[in-house]
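Single-letter residue listing:
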Amino acid sequence: MSNLFKKAAYFTDIHFGRNGNNPAALIDNINFLQWFIEEAKTRGCETMIFGGDWHDNRHSLHVSTMHASIEGLQLLNDNFE
């Protein structure tokens, strides 16, 4: 049986929208994802696994949080299999 991937990078609990949808926290989330992608690529990871808690509040999302969340998902989609 062959492996599904060579190396994977894993993270969890990014909590988009934390601190009451604080704009600085949203920027921190995007900056973290950019750092995570760079680290994963440096270490030869081709696959990314996310463990959960993408949004801080599952019952309502502020428009700015939704925008940053989609930006973050696009970053991950563009950089991993």
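In this text, all values refer to a predicted model and were calculated from it rather than measured experimentally. (Residues numbered from 1 in each chain as written. Predicted model: local features only at pLDDT ≥ 70, side-chain atom pairs only at ≥ 80, totals over all residues. Heavy atoms only, no water.)

Asker: What's the story with the pattern of salt bridges in this structure? I'm lost.
Answerer: Pairing between side chains becomes possible if they bear opposite charge and their charged atoms approach one another. Applying the stated criterion across every chain, the model contains 2 salt bridges. Its salt-bridge partner being Glu39, residue Arg43 comes within 3.0 Å of it at the nearest N-O pair. Owing to a relative accessible area of 26%, Glu39 belongs among the partly exposed residues under this scheme. (Salt bridge = Lys/Arg side-chain N within 4 Å of Asp/Glu carboxyl O. Buried < 20%, exposed > 50% of the residue type's maximum accessible area, 1.4 Å probe, protein only.)

Asker: For this particular structure, what's the right way to read the side chain of Ser69?
Answerer: As for its placement among the helices and strands, Ser69 is situated in helix α3 (residues 63-79). Accessibility expressed as a relative area gives 4% for Ser69, which makes it buried. Looking at Ser69, its side chain comes within polar contact range of the side chain of Trp54, at 2.7 Å. Setting aside chain neighbours within four positions, we find Ser69 in contact with Phe16, Trp54 and His55. (Helix = DSSP H or I, 4+ residues; strand = E, 2+ residues; numbered from the N terminus. Polar contact = N/O pair within 3.5 Å; in protein donor to acceptor, adjacent residues only side chain to side chain. Contact = heavy atoms within 4.5 Å.)

Asker: Looking at this structure, I do not really get the environment of Ala68. What am I missing?
Answerer: The topology assignment puts Ala68 in helix α3. Accessibility expressed as a relative area gives 6% for Ala68, which makes it buried. On a C-alpha basis, the gap between Ala68 and Gly52 in space is 17 Å, while along the polypeptide they are 16 residues apart. Ignoring sequence-local partners within four residues, the contact set of Ala68 consists of Phe16, Leu26 and Ile30.

Asker: Could you clarify how one ought to interpret the nonpolar core in this entry?
Answerer: Burial of nonpolar side chains together is a common tendency in soluble globular proteins. Among the nonpolar cores identified, the biggest contains 15 residues, and Phe11, Phe16, Leu33, Trp54 and Leu76 are the most heavily contacted of them. Contributions of two or more residues to this core are made by β1 (8-11), α2 (23-42) and α3. Counting residues per element, this core draws most heavily on α2, at 6 residues. When near neighbours in sequence (up to four residues on either side) are disregarded, Trp54 contacts Phe11, Ile14, His15, Phe16, Leu33, Ser69, Gly72, Leu73 and Leu76. (Core = buried A, V, L, I, M, F, W, Y, C linked by side-chain atoms within 4.5 Å.)

Asker: Mind showing me how you'd approach the pairing of β1 here?
Answerer: Taken residue by residue, a regular strand's side chains alternate between the two faces of the sheet. Of the two faces of β1, the one holding Ala9 and Phe11 is buried and the one holding Ala8 and Tyr10 is not buried anywhere. As paired strands, β1 and strand β2 (residues 47-50) are joined by 4 bridges and run parallel to one another. Among the inter-strand pairings, Phe11 is bridged to a residue of β2, identified as Phe50. (Pairing = 2+ DSSP bridges.)

These figures come from the coordinates and say nothing about function on their own.
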